[in-house]
Amino acid sequence: MSLKEILYRSLMIYFILVTCITAGITILGSILDPDARFGYSAFASPFIFAALGVIPNLLMYSSKELSDKQIILRKIIQFAVIEAEVVVTCILSPIIHTEKAEVIIGVVISVLVIFILVNFISIMNNYFSAKQLTKELMQFQKNMK
Amino acid sequence: MIINISQIKKDEKERLEIYCHKVSNEITEIVRFVKSMQGQLTGIIEGAQYEIPVSDVYYIEGVDNKVFIYCEKQVYETRQKLYELEEALKEKHFLRVSKSVLLNLMKIKSIKPSLNSRFTAVLQNGEQIIVSRKYVPELKKALKGESL
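Residues numbered from 1 in each chain as written. Chains lettered and ligands numbered in written order. Predicted model: local features only at pLDDT ≥ 70, side-chain atom pairs only at ≥ 80, totals over all residues. Heavy atoms only, no water.

The next subject is the pairing of strand β9 (residues 119-123) of chain B. All names here are of chain B. When you tally the buried positions in β9, you get 5 out of 5 residues, the bulk of the element. Direction of pairing for strand β8 (residues 108-113) relative to β9: antiparallel, over a ladder of 5 bridges. Note that in β9 the partner of S110 across the bridge is V122. Hairpin connection between β8 and β9: a loop of 5 residues separates the two successive antiparallel strands, and N116 in this loop has a positive phi of roughly 60 degrees. Pairing between β9 and strand β10 (residues 128-131): 4 bridges, direction antiparallel. Paired with A121 across the bridge in β10 is I129. The turn joining β9 and β10, which pair antiparallel and follow one another in sequence, is formed by 4 residues; a positive phi near 95 degrees is taken by G126. (Buried < 20%, exposed > 50% of the residue type's maximum accessible area, 1.4 Å probe, protein only. Helix = DSSP H or I, 4+ residues; strand = E, 2+ residues; numbered from the N terminus. Pairing = 2+ DSSP bridges.)

Here you go:
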């Protein structure tokens, strides 16, 4: 993928991440800390975490065409970097009670779920594009015969 | 070399004649180019030359400075460069789908998604060719008949 493609894709992923993180915080918060109250600054956290999550997407950049194995390896590294970033940020944050083990576990699982969800959305988008391309291909072949 | 182009009547057959002292590599290349424009490619297997109809070609691949023509079951080597073939075959429904592959759009059975937003073209003989993301817009245009 070229740098331009990566940046365009990162922007799309960023907004998907903002939505998923907001949903993740709502679900996780209502289970682990339902009585917590926040100020307006809390609204910024999905944007901040989405930015943290999208930066490792640069790991997918390569001037050469990557093989499937290289893509899978880079995805694993990308996931590990995101987990590390988010967990460290949570530990450094004064408003997240990371002294509770279940909070850390919840964060780790949330990152995994969001990572899978974002990739799933991307795969589904690709699946529908492929289906549309096949349809157009059939029409093209019919017209050219 | 003197080049003469003469317009002939519509009922006369079009022809290309080359008058040369020796059939050099350049002359052979001109002949190959004209043949490929007419829908014929020259392929080599173990030193023997074969005429291949373009409609039988599934894809053409460049590997380590060599170019190979892939048909349903047979693989031929060709002395033509990939960019030359790309130029000569663009009117014959061939499209570059990655840095090293020219694909015959008429031989694709279906397109399926692949990793990292790429696509895989499944050919009629079951072979699979990766379509790089970079060439997907070209493929979309070609299927809409915009660039062919």
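With that out of the way, let us pick up the nonpolar core. If you look at the biggest cluster of nonpolar residues, it comprises 25 residues, and the most contacted ones within it are Y59, L103, L105, I108, L123 and L139 of chain B. Breaking this core down by element, the ones donating at least two residues are α4 (101-144) of chain A together with β4 (66-70), β6 (94-98), β7 (101-104), β8, β9, β10 and α3 (136-143) of chain B. Setting aside residues no more than four positions away along its own chain, Y59 of chain B makes contact with F68, I69, Y70, V101, L102, L103, L123, E127 and I129 of chain B. Formed by 20 residues, the second largest nonpolar core is a distinct cluster that contains Y14, C90, V107 and F115 of chain A. (Core = buried A, V, L, I, M, F, W, Y, C linked by side-chain atoms within 4.5 Å. Contact = heavy atoms within 4.5 Å.)

We now examine the side chain of R96 of chain B. All names here are of chain B. Structurally, the position occupied by R96 is in strand β6. Overall, the relative accessible area of 15% leaves R96 in the buried class. Looking at R96, its side chain comes within polar contact range of the side chain of E86, at 3.1 Å. Within the local environment of R96, its side chain forms a polar contact with the backbone oxygen of K99, the two atoms lying 2.5 Å apart. The residues contacting R96, other than those within four sequence positions of it, are L82, Y83, E86, V101, L102 and Y135. (Polar contact = N/O pair within 3.5 Å; in protein donor to acceptor, adjacent residues only side chain to side chain.)

Next up on the list: the sheet that holds β8 of chain B. Read from one edge to the other, the open sheet built from 3 strands follows the order β8-β9-β10 (chain B), with strand pairing classed as antiparallel. For this open sheet the edge positions go to β8 and β10 of chain B, each flanked by a neighbour on one side alone. Geometrically, the sheet is characterised by an average inter-axis angle of 25 degrees between neighbouring strands, direction not taken into account. Where α4 of chain A meets the sheet, it contacts β8 and β9 of chain B, and its direction lies at approximately 165 degrees from that of β8 of chain B. (Axes fitted to C-alpha atoms, helices over the stretch in contact; angles between N-to-C directions.)

This brings us to the interface of chain A and chain B. If you look at the interface, chain A gives 24 residues, while chain B gives 25 residues. Of all residues in chain A, N126, L133 and F140 of chain A bury the most surface against chain B, accounting for 27% of the area lost on that side. Remark: the boundary between chain A and chain B carries 2 salt bridges. D68 of chain A is the partner of R118 of chain B in a salt bridge, and the nearest nitrogen-oxygen pair spans 2.6 Å. Put simply, chain A and chain B have 8 residue pairs in polar contact (both at pLDDT 80 or more) between them. No other element matches α4 of chain A, which puts 13 residues into the side of chain A that touches chain B. Residues of the side of chain A that touches chain B, tallied by class, amount to 12 nonpolar, 6 polar and 6 charged. (Buried area = accessible area lost by both parts, 1.4 Å probe. Salt bridge = Lys/Arg side-chain N within 4 Å of Asp/Glu carboxyl O. Nonpolar A, V, L, I, M, F, W, Y, C, P; charged D, E, K, R; others polar.)

All names here are of chain B. Residues other than glycine seldom take positive phi values, yet D64 does so here, at roughly 45 degrees. Considering the arrangement of structural elements, one finds D64 in the loop between β3 (59-63) and β4. At H93, a position not held by glycine, the phi torsion is positive, near 70 degrees. On the secondary structure map, H93 appears in the loop between α2 (82-89) and β6.

Treat this as a map of the structure, not an account of what it does.
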